[in-house]
Amino acid sequence: MKLATGVTVISNGQVLDGNGGPAVPDAAVVVRDGRIAYAGPVRGAPAVEPAAARIDARGGTIMPGLVEAHFHPTYFNVAALEDLDIKYPVEYVTLLAAANAKLALECGYTAARSGGSLFNIDVWLKKAIETDICPGPRLTASGREICGVGGLMDWNPDFRKIGMDGLVLLVNGPDEARAAVRKLVKDGVEWVKTYPTGDAAAPDTNDHHTLCMTAEEMAAVVATAHNHRLKVTGHCRATAGIKNALRAGYDAIEHGTFMDAEALDLLLQRDVPCVPALYFEYASVARGPEFRMPKTVIEGHKETLEAGAESARMILKAGGRLGMGGDYGFAWNPHGDYARELTFFVKYVGFSPREVVRCATRTGAEIMGRADEFGTLEPGKLADVLVVDGDVLADISVLEDRSRFVAVMQGGVVKAGQVACW
Ligand SMILES: [Zn+2]
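The rules behind the values
- Here, residues in each chain are numbered from 1, in the same order as that chain's written sequence.
- Given that this is a predicted model, residues contribute local features only at a pLDDT of at least 70 and side-chain atom pairs are listed and counted only at 80 or more, while totals for whole chains, interfaces and linings are drawn from all residues.
- Here the side-chain values reflect all heavy atoms present in the structure, with hydrogen atoms and water set aside.
- Strands are runs of DSSP state E lasting at least 2 residues, helices are runs of H or I lasting at least 4, and numbering of each runs from the N terminus.
- Radius of gyration here uses only the C-alpha atoms, and the compact-globule reference equals 2.2 Å multiplied by the residue count raised to the power 0.38.
- When accessible area is computed with a 1.4 Å probe and restricted to protein chains, residues below 20% of their type maximum are described as buried, those above 50% as exposed, and intermediate ones as partly exposed.
- The contact criterion used is simple: two residues touch if any of their non-hydrogen atoms lie within 4.5 Å.
- In this description, accessible areas are obtained by the Shrake-Rupley approach with a 1.4 Å probe, and a residue is regarded as covered only by the protein chains that are shown.
- This count recognises Lys and Arg as positive and Asp and Glu as negative, with His and chain-terminal groups excluded.
- Taken as the charge centre is NZ of Lys, CZ of Arg, CG of Asp or CD of Glu, depending on the residue.
- Strands qualify as paired when DSSP identifies two bridges or more between them.
- Axis lines are fitted through C-alpha atoms, for helices just across the contact stretch, and the angle between N-to-C directions can take any value from 0 to 180 degrees.
- Each aromatic pair joins two rings of Phe, Tyr and Trp (for Trp, the six-membered one) with centres within 6.5 Å, and gets the label stacked for planes under 30 degrees apart, edge-to-face for over 60, and tilted for any other angle.
- Definitions for this section: a left-handed crossing has its near helix turned counterclockwise from the far helix by less than a right angle. A right-handed crossing has that turn clockwise.
- Under the scheme applied here, ten amino acids are nonpolar (Ala, Val, Leu, Ile, Met, Phe, Trp, Tyr, Cys and Pro), four are charged (Asp, Glu, Lys and Arg), and all others, including Gly, are polar.
- Salt bridges are defined by distance alone: a side-chain nitrogen of Lys or Arg within 4 Å of a carboxyl oxygen of Asp or Glu.

*Asks:* Would you take a moment to explain the overall build of the protein chain for this structure?
*Replies:* Each helix and strand counted, the protein chain has eleven helices and 16 strands in total. Expected size for 422 residues packed as a compact globule is a radius of gyration near 22 Å; at 21 Å, the protein chain falls within 12% of this value. Overall size of the protein chain, expressed as C-alpha extent along the three principal axes, is 70 × 45 × 40 Å. Expressed as a percentage of the 422 residues in the protein chain, the buried residues total 59%. Contacts spanning at least 24 positions in sequence make up 68% of the contacts within the protein chain whose residues lie at least 6 apart. As displayed, the protein chain has an accessible area near 15900 Å², and 52% of this comes from carbon and sulfur atoms. Mean positive and mean negative side-chain charge positions of the protein chain (43 and 53 charges, respectively) differ by 4 Å.

*Asks:* Help me understand the sheet that holds strand 5 (residues 66-71) in this model?
*Replies:* Strand pairs in the sheet, formed through backbone hydrogen bonds, run parallel or antiparallel to each other. Spatial strand order, 5-6-7: three strands in an open sheet with parallel pairing. Two strands bound the open sheet, and with one partner strand each, they are strand 5 and strand 7 (138-140). Sheet twist, expressed as the mean angle between neighbouring strand axes with direction ignored, is 15 degrees. Both strand 6 (residues 109-114) and strand 7 contribute to a ladder of three bridges, which runs parallel. Bridging across to strand 7, Ala111 finds its partner in Arg138. Packed on one face of the sheet, helix 11 (residues 353-367) meets strand 5 and strand 6 and runs near 50 degrees to strand 5.

*Asks:* Is there a simple way to think about the pairing of strand 3 (residues 35-41) in this case?
*Replies:* Each regular strand carries side chains that alternate between the two faces of the sheet. Bridge analysis of strand 2 (residues 24-32) against strand 3 gives six bridges, and the strand direction is antiparallel. Residue pairing across strands places Arg32 opposite Arg35, the latter belonging to strand 3. Between strand 2 and strand 3, which pair antiparallel and follow one another directly, the connecting turn spans two residues, one of which, Asp33, has a positive phi of 50 degrees.

*Asks:* I keep staring at the packing of aromatic side chains and nothing clicks. Help me out?
*Replies:* For any pair of aromatic rings, geometry is given as the distance between the ring centres together with the angle between the planes. Under the definition given, this model contains 17 aromatic pairs. Summarising the aromatic geometry, the rings of Tyr279 and Tyr282 are spaced 5.6 Å apart at their centres and angled 40 degrees between planes, so their arrangement reads as tilted. In this pair, Tyr279 and Tyr282 both sit in helix 8 (residues 279-287), three residues apart, roughly one turn of the helix. Note on Tyr279: relative accessible area 11%, which makes it buried. For Tyr282, a relative accessible area of 28% puts it in the partly exposed group. For the ring pair Phe345 and Phe351, a centre distance of 5.0 Å and an interplane angle of 70 degrees mean the geometry is edge-to-face. Accessibility expressed as a relative area gives 0% for Phe345, which makes it buried.

*Asks:* Mind showing me how you'd approach helix 6 (residues 239-248) here?
*Replies:* For an α-helix the count is 3.6 residues per turn, leaving residues at separations of three or four pointing the same way. Among the residues of helix 6, those classed as buried are Gly241, Ile242, Lys243, Ala245, Leu246 and Ala248. Buried residues in helix 6 make contact with helix 5 (215-227), strand 11 (231-236), strand 12 (252-255) and helix 7 (261-269).

*Asks:* Is there a simple way to explain the packing of helix 10 (residues 340-349) against helix 11 in this structure?
*Replies:* Two measures define how a pair of helices packs: the angle their axes make with one another and the distance between the axes. It is the contact of helix 10 with helix 11, at a shortest axis distance of 9 Å, that shows an interaxial angle of 145 degrees. Judged by the twist between their axes, the crossing of helix 10 over helix 11 is right-handed. Residues Leu342, Phe345 and Val346 of helix 10 form the contact with helix 11, whose participating residues are Pro353, Val356 and Ala360. Broken down by class, the residue content of the contact of helix 10 with helix 11 amounts to six nonpolar, no polar and no charged.

*Asks:* Could you clarify how one ought to interpret the sheet that holds strand 16 (residues 413-416) in this entry?
*Replies:* If you trace the seven strands from one edge of the open sheet to the other, you get 3-2-1-4-14-15-16, paired in mixed fashion. Each edge of the open sheet carries a strand with a single partner, namely strand 3 and strand 16. On average, each strand axis in the sheet is inclined to that of its neighbour by 35 degrees, with strand direction left out of account. Where strand 15 (residues 405-410) meets strand 16, three bridges bridge the pair, whose relative direction is antiparallel. Note on strand 16: the bridge partner recorded for Val408 is Ala416. Against the sheet, helix 2 (residues 90-106) contacts strand 15 and strand 16, and its axis sits at roughly 120 degrees relative to strand 15.

*Asks:* When you look at unusual backbone geometry in this model, what are you seeing that I'm missing?
*Replies:* Excluding glycine, most residues fall at negative phi; most peptide bonds, likewise, are trans. The backbone of Asn12 sits at a positive phi, close to 65 degrees, despite the residue not being glycine. Inspection of the secondary structure puts Asn12 in strand 1 (residues 7-15). At Asp327, a residue that is not glycine, the phi angle is positive and equals roughly 60 degrees. Position of Asp327 among the secondary structure elements: in the loop between helix 9 (295-317) and helix 10.

*Asks:* How do you make sense of the pattern of salt bridges when you look at a structure like this?
*Replies:* Should their charged atoms come close, side chains of opposite charge can pair. With the rule as written, the count across this model stands at 26 salt bridges. Its salt-bridge partner being Glu190, residue Lys126 comes within 3.2 Å of it at the nearest N-O pair. Of this pair, Lys126 sits in helix 3 (residues 121-130) while Glu190 sits in the loop between helix 4 (173-187) and strand 10 (191-194), and the two are 64 residues apart along the sequence. A relative accessible area of 29% places Glu190 in the partly exposed class. A salt bridge links Arg237 to Glu281, with the nearest nitrogen and oxygen atoms 2.7 Å apart. Here Arg237, found in the loop between strand 11 and helix 6, pairs with Glu281, found in helix 8; they are 44 residues apart in sequence, far enough to count as distant. Taking the relative accessible area as the measure of exposure, Glu281 reaches 1% and is therefore buried. Each of Lys243, Arg247, Asp260 and Glu262 takes part in one network of salt bridges that share partners.

This is the structure in structure tokens:
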């Protein structure tokens, strides 16, 4: 991705650097050749040449670009899970994924970690974004998702003869789990997404279902992935499934819904990050009837929401790391609503706006393994910056409103927002 050349000064706003501290009032950010040269009080800013470009933050907030930590660009706002497999061919899904990536960038998300991909689209989407062929967040790519036969992602009964080739690699036993990871290695993915547990959303499993993968299969996935320097994450709701994944050596936990004290200890021992993705549950409860979800499924989502919020509070209180990612890409939880996750964590889970911003910036970059490159406004880092006409700490929901974005910047280049010109 090309870096800007020259100098840009962003001023007339407060700076939130992404480290979780208080905002610096009346601050400035100086960008030189696509990287942060200075972020702090305007009175301490270095002198710049008269030709420097200037962006007026309009008394609002200058902060790092957001990181969506559980992004599914290939999930095309489906109303039924099986639509992911049967509705469109790979060619069209690829175009939809590119459109979703562009939308995410316009929503202030300058980076994202994929939480699983249809076909091998995310790897190639990442390449297109990195070479400036299409706009989107800096992406960490996942591939097809690994699940045991008969597990959460294998919900179609055989008589329907619906293949799951686009979405999952179904495995039986550690040998097949190893083979699936080796395929993903050849595909070029960076994160291996797996399904250790069930979910309220699927017809044949529930939130407490732990046998979508065996501990032996998970151990085989981790050993093979780590051997090739890939990271492993998993859809983990049930308590025993969370523990199995952590004992197997997982690098992240998605959802972490039913944590108990022992699961929390295991998480903290290796400082494994967790991405709760709670707005998905909230939206499923609120809008489920509209989409004819069975009552038992809606009740399952309600239980998941309450337990997931409690687990997130436990993790935060214990000093663990949380990423903000919303599992967007379903009809009731569509692309474009990404920042609703952040508002939800402030209004309903009880996090402070500063904590949420840190989770959505620095921790997101850490989960991507790229915290030395972006995620905070610190000298030397890439100038991935979001300039918002509004006080994000007073009302975090301003991040949901793209019309309030003055600039969305990647590497010093303004890609979206009112002053965008690329
Ligand atoms: Zn997901």
